[in-house]
Amino acid sequence: MKRPIFTGSAVAIVTPFKSGGVNLDALGDLLDFQLENGTDAVVVCGTTGEASTMTYKERAETIAFCVRHVGGRVPVIAGSGSNSTENAVTLSREAEHQGADGLLVVTPYYNKTTQAGLLRHYRIIANAVSLPIILYNVPSRTGVNIAPETYAALSEYPNITGTKEASGNLGNVQRTRALCPDDFYIWSGNDDETVPICALGGKGVISVAANILPAEMHRLTQLCQQNDFAAAGKLQVNLKDICDALFCEVNPIPVKTALSLLGWNVGELRSPMCPPAPENLEHIKNVLAKYGLPV
């Protein structure tokens, strides 16, 4: 039986940039903050980490640094997806070489594909590496959705262990759970759906909000794993405003802005990402203040 790569809250960590590359010292500070506050895993070079605007060399160096800095205290999961199957294989092999504990592989974007194409894409990647793979379904960004029947076919692969579900379609999550074996695990890809997906058997969340509130997101998933869904539901509702604020513009614009407001040296957003509109900046400030965070 396959085991989940992690249970609980994994931070989809931002990538701090400086002139000329990645600010690894600042990344180390962010990792320390996460580990000190109970984060259960780190996802590096994902959407929130602006991997699509990083060079292959930057991605390899950033993954390697995270692996060294975390030092086995929690799993490090590397984003290695691409709209090119060949490039995804290259990125996945490099992440494995750098010592990552698992891979997060998004569906092909822009060129999209059919369900048959998804099966072929993921089978080629799974055959190229030995690391456990978490599929990543986020059709709002990629334009393609993984069907429950496709999940069922992919669940037969020994190193495809589950999916990060950010489709927002809880009906499809239910059908996926019904069609797939118990050792095909589901993690929420939307912070505000953590409790509903855990109630359907999910193992936790890959979280943007954990960049700001790691202890709270860890606590939320802990309550779910303890089957205390009454308390988890209350906490989920209490976190709703900050979850919404962190998506008032395209991720990772709000979360990186929030971290900067809180004094973290995360650097600029890489183009084509840009600073938030003035009204959204004010909204982010107000929500941070509401949660007692010092802006």
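Since this is a predicted model, take the numbers as computed values, not measurements.

Caption draft 1: Seen up close, the overall build of the chain. Helix and strand content of the chain: 13 helices and 10 strands. Its C-alpha atoms give the chain a radius of gyration of 18 Å, within 12% of the compact-globule value 19 Å for 295 residues. A buried classification covers 56% of the 295 residues belonging to the chain. The contacts of the chain with a sequence gap of at least 6 include a subset with a gap of at least 24, amounting to 72%.

Caption draft 2: Layout of the packing of aromatic side chains. On inspection of all chains with the given rule, the structure shows 4 aromatic pairs. Centroid distance Phe33 to Trp264: 5.1 Å. Interplanar angle 45°. Geometry classified as tilted. Taken together, the residues span a long stretch of sequence, with Phe33 in helix 1 (residues 24–36) and Trp264 in the loop between helix 12 (253–261) and helix 13 (278–290) at a distance of 231 residues. Between Tyr151 and Phe184, the ring centres sit 5.5 Å apart and the planes meet at 50°, which makes this aromatic pair tilted. Separated by 33 residues along the polypeptide, Tyr151 in helix 6 (residues 148–154) and Phe184 in the loop between helix 7 (170–179) and strand 9 (185–188) bring together distant segments of the chain.

Caption draft 3: Representation of the environment of Thr53. Along the chain, Thr53 falls in the loop between strand 4 (41–44) and helix 2 (56–70). The class of Thr53 is partly exposed, set by a relative accessible area of 26%. In this structure, the C-alpha to C-alpha distance between Thr53 and Glu36, residues 17 residues apart in sequence, is 29 Å. Setting aside chain neighbours within four positions, we find Thr53 in contact with Glu58, Arg270, Ser271 and Pro272. Among the polar contacts listed, one links the side chain of Thr53 to the backbone oxygen of Glu50, at a separation of 3.1 Å.

Quick notes on the rules
Residues numbered from 1 in each chain as written. Predicted model: local features only at pLDDT ≥ 70, side-chain atom pairs only at ≥ 80, totals over all residues. Heavy atoms only, no water. Helix = DSSP H or I, 4+ residues; strand = E, 2+ residues; numbered from the N terminus. Rg over C-alpha atoms; globule rule 2.2 N^0.38 Å. Buried < 20%, exposed > 50% of the residue type's maximum accessible area, 1.4 Å probe, protein only. Contact = heavy atoms within 4.5 Å. Phe/Tyr/Trp six-rings, centres within 6.5 Å; stacked < 30°, edge-to-face > 60°. Polar contact = N/O pair within 3.5 Å; in protein donor to acceptor, adjacent residues only side chain to side chain.

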